[in-house]
Amino acid sequence: MHELSIARELVRLIEAEARRAGARRVRSAHVVLGARSHVSAEILQFYVAHLLDPEGPAAGLVLTCERQPMRFRCGHCRIDYEPSETDWRCPQCGRIGELLEAGDEVFLESLEIECAPQPNA
């Protein structure tokens with residue numbers, strides 16, 4: 001149930017960035033979830049939707065999640081590969097390669113915001 005604490009932090013970040021940018025509305029947020037983070041995109045989306053201030057600029061935003069895989073490099077074959085969740089062996093030689101990207105990250109990659117028009121100076 002660590003999705004709840006991640007959702008709280010995402011909502012805090014989204015609302016803080018909306019205020020900082022003077023956003024009238026936050027249309028969408030894009031989050032990257034590493035394959036080993038064990039975060040459920042559906043549960044995270046549910047919590048974020050229910051934690052957002054219903055009167056705030058981020059109310060009703062669309063939260064999209066992208067799964068980031070682990071990446072390995074086989075020292076024997078010299079190839080990079082994405083292992084499955086249950087089999088980390090090189091698809092060519094069967095040896096376990098060196099971890100390049102852990103796939104355990106969770107981060108807010110981008111926001112699409114709508115700002116109020118600036119008065120002419």
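Residues numbered from 1 in each chain as written. Predicted model: local features only at pLDDT ≥ 70, side-chain atom pairs only at ≥ 80, totals over all residues. Heavy atoms only, no water.

**Here's the deal with the nonpolar core**
So, point 1. In terms of nonpolar packing, the biggest core is built from 20 residues, with Leu-44, Val-48, Leu-61 and Leu-63 touching the most fellow members.
So, point 2. The greatest single-element share of this core, amounting to 6 residues, is contributed by helix H1 (residues 3-21).
So, point 3. Counting residues in hydrophobic clusters, the runner-up holds 5 residues, among them Phe-72, Cys-74, Tyr-81 and Cys-90. (Core = buried A, V, L, I, M, F, W, Y, C linked by side-chain atoms within 4.5 Å. Buried < 20%, exposed > 50% of the residue type's maximum accessible area, 1.4 Å probe, protein only. Helix = DSSP H or I, 4+ residues; strand = E, 2+ residues; numbered from the N terminus.)

**Examining the sheet that holds strand E4 (residues 80-81)**
So, point 1. An order of E4-E3-E5 is seen for the 3 strands of this open sheet, with the pairing classed as antiparallel. The open sheet is flanked by E4 and strand E5 (98-101), the only strands paired with a single partner.
So, point 2. In this sheet, E4 lies alongside strand E3 (residues 71-73) in antiparallel orientation, the contact comprising 2 bridges. Bridge pairing in E4 links Arg-73 to Asp-80. (Pairing = 2+ DSSP bridges.)

**Let's talk about the environment of Ala-49**
So, point 1. Along the polypeptide, Ala-49 turns up in helix H2 (residues 41-51).
So, point 2. Note on Ala-49: relative accessible area 52%, which makes it exposed.
So, point 3. In this structure the C-alpha to C-alpha distance between Ala-49 and Leu-61, which are 12 residues apart in sequence, comes to 7.8 Å.

The analysis is restricted to geometry; functional conclusions fall outside its scope.
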